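# Analysis of the macromolecular model
Below are the chains, spelled out letter by letter.
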Amino acid sequence: QQLWHYPVKGLGGIKLTSATIGHQGFEDDRTFCLEKIHRDSENNITTWETMYSGFHLQMVLFQCIIEGSSTDPSNSLITITRLGPENPNPAQLNYTKNSPHQIQFPLRPDVQALGLQKIHLDLHGSATDAYDMGPTISAWLSKYLGFETKLVYIGAHSRVVLGSGAPNGDMAFAKRAPLTSPLRRLLPPLLKTPTERITFQDIGQYLVVTRESNAQVSSRLEGVDMDIHKFRPNVIVSGAAEPYDEDYWAQLLFKSPGDGGGALKMEFGGTCWRCQAITADLKTGKKAEGEEGEVWKRLAKDRRVDKGWKYGPVFGKYGYTSARDVGRVVRVGDEAVLTRRVRERPIFDWPLSKEIVAAFSG
């Protein structure tokens, strides 16, 4: 029913009519992220702290759009507009060149031509090199957020998916075929299908949610419909057999009318454990008052169903596409066909430090 991508992690997403499969998910999805900068007494940077909207709810007050070439992403630009009360015209999302509440930069920056500084980041234990987008953007973000913030770009780099969620990872093979998986470890890299990789997504290439599950969440709230977009999905589908049926999905095929390349296959890994981002008021950038602000607690009553993540509720399923499908297109209106299920819910086993677990435990 809907397709979305989020060029800047945690900021307002962009609704698509079609999306192109990239090497780490939809093209240009979460290729940028914000970093809170920590410095020592001598003003040296000590920590690049990746920012999540669940910890910094006011990130929802920044809306992204893409402008420029509709056919050449290398010539496209991202415009970010601050939607907060200081902006007298928050509905103006196209870049006006004279608004202090907007900033614009390339969707796919030429890191060498711009002379961007390379840095090293670690998200949930999966590290990558990335590039600092410079002081001008940093100053613009920092004035709203109230602390030094930098925008970083992943460029040609990526992060490996850890745990057994990635269909082609060693741990996934070990679960599916425990007797033969040791032989796979002996194969040279050229003979093995590489483990799936991601950009600045948390732990999966795509997040798929269903209308049926969202309707069930709404039924927990008095007089309020849950905004499905607060779950930050890439793919919204309808027609599930029942709410939360996607917990048991293993494979979907996306079929486009007249597509001679055959159906696009999406394999599934784990469910998505939720943080406080789903409680945000999209108008104030604070925790919502009333029923909307209670949704995390309402879900936590009976949706702590992942034996590997006992700290909070889960909603939605992480999906992955094959490298051979890079360049293919999925469209709104495509038929999604469930072709394989699992008997038990997956168990989260991405290795996390105690500090990360504590931070995300409600």
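Along each chain, the written sequence defines residue order, and numbers are assigned to residues from 1. In keeping with the predicted nature of the model, local features appear solely for residues at pLDDT of at least 70, side-chain atom pairs appear and are counted solely at 80 or more, and the whole-chain, interface and lining totals rest on all residues. For the side-chain quantities, the full set of heavy atoms in the structure was used; hydrogens and water were omitted.

- As recorded in an unreviewed UniProt entry, the chain goes by the name MOSC domain-containing protein, listed as coming from Lophiostoma macrostomum CBS 122681.

## Regarding empty space enclosed by the protein
- Any residue with an atom within 4 Å of a point lines the site, the site being either a cavity, points on a 1 Å grid over the protein atoms alone where a 1.4 Å probe fits but cannot get out, or a pocket, an open set with protein on both sides within 12 Å along at least 5 of 7 lines. Grid points are joined across faces, edges and corners, and a volume is the space filled by probe spheres set on the points. Throughout the structure, instances matching the rule amount to one cavity of 30 Å³ or more.
- What lines the largest cavity is a set of 25 residues, among which Lys 9, Asp 202, Arg 232, Arg 274 and Tyr 318 lie closest to the centre.
- Of all the elements in the fold, those that place two or more residues in the lining of the largest cavity are strand E15 (206–210) and strand E18 (264–273).
- For this scheme, ten residues count as nonpolar: Ala, Val, Leu, Ile, Met, Phe, Trp, Tyr, Cys and Pro. Four count as charged, namely Asp, Glu, Lys and Arg, and the remainder, Gly too, count as polar. The residue inventory of the lining of the largest cavity, partitioned by class, reads 11 nonpolar, eight polar and six charged.
- Looking at which domains feed residues into the lining of the largest cavity, each of domain 1 (2–15 + 23–157) and domain 2 (170–361) gives three or more. Every helix listed is a DSSP run of H or I at least four residues long, and every strand listed is a run of E at least two residues long, numbered separately from the N terminus. Each domain's extent is set by a domain assignment, obtained either automatically or from a database.

## Examining the layout of surface pockets
- What the largest pocket holds in volume is close to 1100 Å³.
- Around the largest pocket, the lining is made up of 46 residues, and of these Gly 165, Ala 166, Pro 167, Arg 176 and Phe 268 lie nearest the centre.
- Within the residue set of the lining of the largest pocket, elements represented by two or more residues are helix H2 (170–176), strand E17 (249–255), E18 and strand E19 (314–320).
- Of the residues forming the lining of the largest pocket, the biggest block, six residues, is contributed by E18.

## Points about the pattern of salt bridges
- For this analysis, a salt bridge means a side-chain nitrogen from Lys or Arg found within 4 Å of a carboxyl oxygen belonging to Asp or Glu. Inspection of the entire model under this criterion finds 16 salt bridges.
- One salt bridge in this structure joins Arg 345 and Asp 247, with 2.7 Å as the shortest N-O distance. Placement of the pair is Arg 345 in the loop between strand E21 (335–341) and helix H6 (354–359) and Asp 247 in the loop between strand E16 (235–237) and E17, with a sequence separation of 98 residues.
- A 1.4 Å probe rolled over the protein chains alone gives each residue an accessible area, and that area as a share of the maximum for its type sets the label: buried under 20%, exposed over 50%, partly exposed in between. Asp 247 sits in the buried class, given a relative accessible area of 0%.

## Some points on the packing of aromatic side chains
- Pairing of aromatic side chains here covers Phe, Tyr and the six-membered ring of Trp, requires ring centres within 6.5 Å, and sorts the geometry by plane angle: under 30 degrees stacked, over 60 edge-to-face, intermediate tilted. Taken as a whole, this structure holds 17 aromatic pairs when the rule is applied.
- On the basis of an interplanar angle of 50 degrees and a centroid distance of 4.8 Å, the ring pair of Phe 55 and Phe 360 is categorised as tilted. You can see Phe 55 sitting in the loop between strand E6 (45–50) and strand E7 (62–68) and its partner Phe 360 sitting in the segment after H6, a full 305 residues away along the chain.
- A residue is classified by how much of its surface remains accessible, and Phe 55, at 37% relative accessible area, is partly exposed.
- Using a relative accessible area of 7% as the deciding quantity, one classes Phe 360 as buried.
- Here Tyr 244 and Phe 315 contribute two aromatic rings whose centre-to-centre distance is 6.3 Å and whose plane-to-plane angle is 85 degrees, an arrangement assigned as edge-to-face. Here Tyr 244, found in the loop between E16 and E17, pairs with Phe 315, found in strand E19; they are 71 residues apart in sequence, far enough to count as distant. For the pair shown, Tyr 244 and Phe 315 are each scored as buried.
- Taken together through their ring pairs, the aromatic side chains of Tyr 52, Phe 55, Trp 273, Trp 309, Tyr 311, Phe 348 and Phe 360 make up a single cluster.

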